[in-house]
Amino acid sequence: MILRTGIQAAFRQTAARPLATKVLARSTRLTPLQIRLLSTETKAAIDKAVSTSPVVLFMKGTPDTPQCGYSRATIQILGVQGVDPAKFTAFNVLEDEELRSGIKEYSDWPTIPQLYVEKDFVGGCDILLSMHQDGSLAKLLEEKNVLVPAEDMPPAKEK
């Protein structure tokens, strides 16, 4: 009986937090103990960051010095795809703990790196790799006009 009362009390507490319940309904990746509501200031800062360029990457490290293998792989994929550096911005989440935890809540995606194209969340390294392999990433980037124009591309090396 005590156990049932304790469980019922926990459910009542969860019901008192409808926003947290909605977040849980969208994603089972986070437990109620892991959920922290995104502050208005952090959300506004991330909204602004996502709007800075057509292609935005939240990563560990910088494009020149990635600090994790997944961030390095993501940068390499974007380079192979031919993303125009003038249309690309990267944010180092290791410089700001609020950004690091906030971006995960913002996108409802538990890992970093995270790629946004024209303010839309595309995915992390695993999703980008899959899209790169099946050609859908090339198609998306071409449709969004974020690739280096063909006349600016270096000539292909002959074998």
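Residues numbered from 1 in each chain as written. Predicted model: local features only at pLDDT ≥ 70, side-chain atom pairs only at ≥ 80, totals over all residues. Heavy atoms only, no water.

What follows is about the overall build of the protein. Within the protein, the regular secondary structure consists of 7 helices and 4 strands. Secondary structure elements of the protein occur, N-terminal to C-terminal, as α-α-α-β-α-β-α-β-β-α-α. Taking all 159 residues of the protein together, the buried fraction comes to 32%. Taking as baseline every contact in the protein between residues at least 6 positions apart, the subset at least 24 positions apart corresponds to 62%. A total accessible area of about 10400 Å² is found for the protein, and carbon and sulfur atoms account for 57% of it. (Helix = DSSP H or I, 4+ residues; strand = E, 2+ residues; numbered from the N terminus. Buried < 20%, exposed > 50% of the residue type's maximum accessible area, 1.4 Å probe, protein only. Contact = heavy atoms within 4.5 Å. Areas by Shrake-Rupley, 256 points an atom, 1.4 Å probe, with all protein chains shown as cover.)

Relative to each other, helix H3 (residues 40-50) and helix H5 (residues 97-107) sit at 80°, their axes nearing to 10 Å. For the element pair H3 / H5, the angle class is roughly perpendicular. Every residue of H5 that contacts H3 at Thr42, Lys43, Ile46, Asp47 and Val50 is listed here: Glu98, Leu99, Gly102, Ile103 and Tyr106. Here the residues of the contact of H3 with H5 sort into 5 nonpolar, 2 polar and 3 charged. (Axes fitted to C-alpha atoms, helices over the stretch in contact; angles between N-to-C directions. Parallel < 35°, antiparallel > 145°, perpendicular 65-115°, else oblique. Nonpolar A, V, L, I, M, F, W, Y, C, P; charged D, E, K, R; others polar.)

On to the pairing of strand S2 (residues 88-92), then. Summarising the sheet, strand S1 (residues 55-59) and S2 pair through 5 bridges and their orientation is parallel. Across the sheet, the residue bridging to Met59 is Asn92, located in S2. In the classification by handedness, the crossover that spans S1, the intervening helix H4 (residues 69-81) and the parallel S2 is right-handed. (Pairing = 2+ DSSP bridges. Right-handed = clockwise from strand over helix to strand, strands pointing away.)

Time to look at the sheet that holds strand S3 (residues 114-117). Pairing within the open sheet is mixed, and its 4 strands lie in the order S2-S1-S3-S4. Two strands bound the open sheet, and with one partner strand each, they are S2 and strand S4 (120-123). Mean inter-strand twist for the sheet, computed between neighbouring axes without regard to direction, equals 25°. Relative to S3, S1 runs antiparallel, the two being bridged by 4 bridges. Its bridge partner lying in S3, Phe58 is registered against Gln114. Packing against the sheet, H4 makes contact with S1, S2 and S3, and its axis sits at approximately 160° to S1.

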